[in-house]
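Here is what each chain is made of, one letter per residue.
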Amino acid sequence: DGGITQSPKYLFRKEGQNVTLSCEQNLNHDAMYWYRQDPGQGLRLIYYSQIVNDFQKGDIAEGYSVSREKKESFPLTVTSAQKNPTAFYLCASSNRDHNQPQHFGDGTRLSIL
Amino acid sequence: GIQVEQSPPDLILQEGANSTLRCNFSDSVNNLQWFHQNPWGQLINLFYIPSGTKQNGRLSATTVATERYSLLYISSSQTTDSGVYFCRALQGAQKLVFGQGTRLTINP
């Protein structure tokens, strides 16, 4: 079945530690996205990529980094510079660009130890 | 930038009731999408509807782009319809904005 797989489902971070969230899709989509959701809030865009080896900052990119070495993979690293990382992180993909329907993974919940 | 506002923020209904959720946007948009986030956090696509009306079973959506709003209708609500409903707008080619959501609770 085609879809978007995020792992792990739950992740705990110690102070000063970088952690990487995985996002893999087998939909052959060109564009991939990372969103952050805080409790009771909507989604905010962290980074997006519309083509391999290229990515753009979203509205809240500070303290995060991404890579897009393969079409199917778009990992997100939450660095120690992100002082408030506790949130629900959602990865999405769409065919070609923003002007297409987005499909979401099941999310990763990140908490501080 | 574009503002996307959803109303009402919370809605509590009995099973079997009908509901209308609204999404207003402050500027013209190229597309609009509705999602349902279930209690486990999964976001499910409902409609991709830049304009016009679409129906899928008990759900339907209408976007009037010239008047800058979209409506999501849920008929004969079921408890499994509970969750948060989000609309997401695309302004221009790059600006993606989500509304804050409508939390729907369907009581048996």
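Placed above this text is the structure.
About the thresholds
- Residues numbered from 1 in each chain as written.
- Chains lettered and ligands numbered in written order.
- Predicted model: local features only at pLDDT ≥ 70, side-chain atom pairs only at ≥ 80, totals over all residues.
- Heavy atoms only, no water.
- Helix = DSSP H or I, 4+ residues; strand = E, 2+ residues; numbered from the N terminus.
- Rg over C-alpha atoms; globule rule 2.2 N^0.38 Å.
- Buried < 20%, exposed > 50% of the residue type's maximum accessible area, 1.4 Å probe, protein only.
- Contact = heavy atoms within 4.5 Å.
- Areas by Shrake-Rupley, 256 points an atom, 1.4 Å probe, with all protein chains shown as cover.
- Pairing = 2+ DSSP bridges.
- Axes fitted to C-alpha atoms, helices over the stretch in contact; angles between N-to-C directions.
- Core = buried A, V, L, I, M, F, W, Y, C linked by side-chain atoms within 4.5 Å.
- Disulfide = S-S within 2.5 Å.
- Buried area = accessible area lost by both parts, 1.4 Å probe.
- Salt bridge = Lys/Arg side-chain N within 4 Å of Asp/Glu carboxyl O.
- Polar contact = N/O pair within 3.5 Å; in protein donor to acceptor, adjacent residues only side chain to side chain.

The secondary structure content of chain A amounts to zero helices and eleven strands. The linear arrangement of helices and strands in chain A, starting from the amino end, is β-β-β-β-β-β-β-β-β-β-β. For chain A, whose C-alpha radius of gyration is 13 Å, the value lies close to the compact-globule estimate of 13 Å for 113 residues. The burial tally for chain A puts 48% of its 113 residues in the buried class. Sequence separation of 24 or more characterises 54% of the internal contacts of chain A that already satisfy a separation of 6 or more. When the accessible surface of chain A is totalled, it reaches about 5500 Å², and 45% of it is carbon and sulfur.

Note on sheets: strands pair through backbone hydrogen bonds, and any given pair is parallel or antiparallel. Residue and element names in this part refer to chain B. Pairing is antiparallel in the open sheet, where five strands are placed in the order β1-β3-β8-β7-β6. Two strands lie at the open edges of the sheet, namely β1 (4-7) and β6 (52-56), each paired on one side alone. Between one strand axis and the next, the sheet turns by 15 degrees as a mean value, whatever way the strands run. Where β1 meets strand β3 (residues 19-25), four bridges bridge the pair, whose relative direction is antiparallel.

Turning next to the nonpolar core. One finds B:Val4, B:Cys23, B:Phe25, B:Leu32, B:Trp34, B:Leu72 and B:Leu104 to be the most contacted residues of the largest nonpolar core, which totals 22 residues. Sorting the residues of this core by element identifies β2 (10-14), β3, β4 (31-37), β7 (59-64), β8 (69-74), β9 (83-91) and β11 (102-107) of chain B as the ones contributing at least two each. One finds A:Leu21, A:Ile60, A:Leu76 and A:Tyr89 within the second-largest nonpolar core, a separate group that totals 20 residues.

Once that is clear, we can look at the state of the cysteines. In this structure the tally under the stated criterion is two disulfides over all chains. Between the sulfur of A:Cys23 and that of A:Cys91 lies a disulfide, 1.9 Å long from S to S. Torsion about the S-S bond of the A:Cys23 and A:Cys91 cystine: about -75 degrees, corresponding to left-handed handedness. Of this pair, A:Cys23 sits in strand β3 (residues 19-25) while A:Cys91 sits in strand β9 (residues 87-94), placing them 68 residues apart in sequence. Look at A:Cys91 and you get buried, because its relative accessible area is 0%. The disulfide bridge from B:Cys23 ends at B:Cys87, spanning 2.0 Å between sulfur atoms. Looking down the S-S bond of the B:Cys23 and B:Cys87 bridge, the torsion is 80 degrees, so its handedness is right-handed. Of the two residues, B:Cys23 is situated in strand β3 and B:Cys87 in strand β9; the sequence distance between them amounts to 64 residues. For B:Cys23, a relative accessible area of 0% corresponds to the buried category.

Another point: the interface of chain B and chain A. Interface size is commonly expressed as the accessible area that is lost once the parts come together. At the junction of the two partners, chain B supplies 21 residues and chain A supplies 21 residues. Of the roughly 1700 Å² buried between chain B and chain A on both sides combined, carbon and sulfur atoms contribute 46%. Looking only at chain B, the three residues that lose the most surface to chain A are B:Leu43, B:Leu96 and B:Phe98, adding up to 29% of its buried area. The tally of links between chain B and chain A comes to one salt bridge.

All names here are of chain A. Strand order in the open sheet made by the four strands is β1-β3-β8-β7, with antiparallel pairing throughout. Strand pairing shows two members of the sheet lacking a second neighbour, β1 (4-7) and β7 (64-66), which therefore form its edges. Taking each pair of neighbouring strands and ignoring which way they run, the sheet shows an average axis angle of 20 degrees. As judged from the three bridges shared by β3 and strand β8 (residues 76-78), these two strands associate in the antiparallel manner. Across the sheet, leucine 21 pairs through a bridge with leucine 76, a residue of β8.

Let us now look at the side chain of A:Asp38. Residue and element names in this part refer to chain A. Structurally, the position occupied by aspartate 38 is in the loop between β4 (31-37) and β5 (43-51). Residue aspartate 38 is classed as buried on the basis of its relative accessible area of 15%. There is a polar contact of 3.0 Å between the side chain of aspartate 38 and the side chain of arginine 36. Non-local contacts of aspartate 38, meaning those with residues more than four positions away in its chain, are made with Arg44, Thr86 and Ala87.

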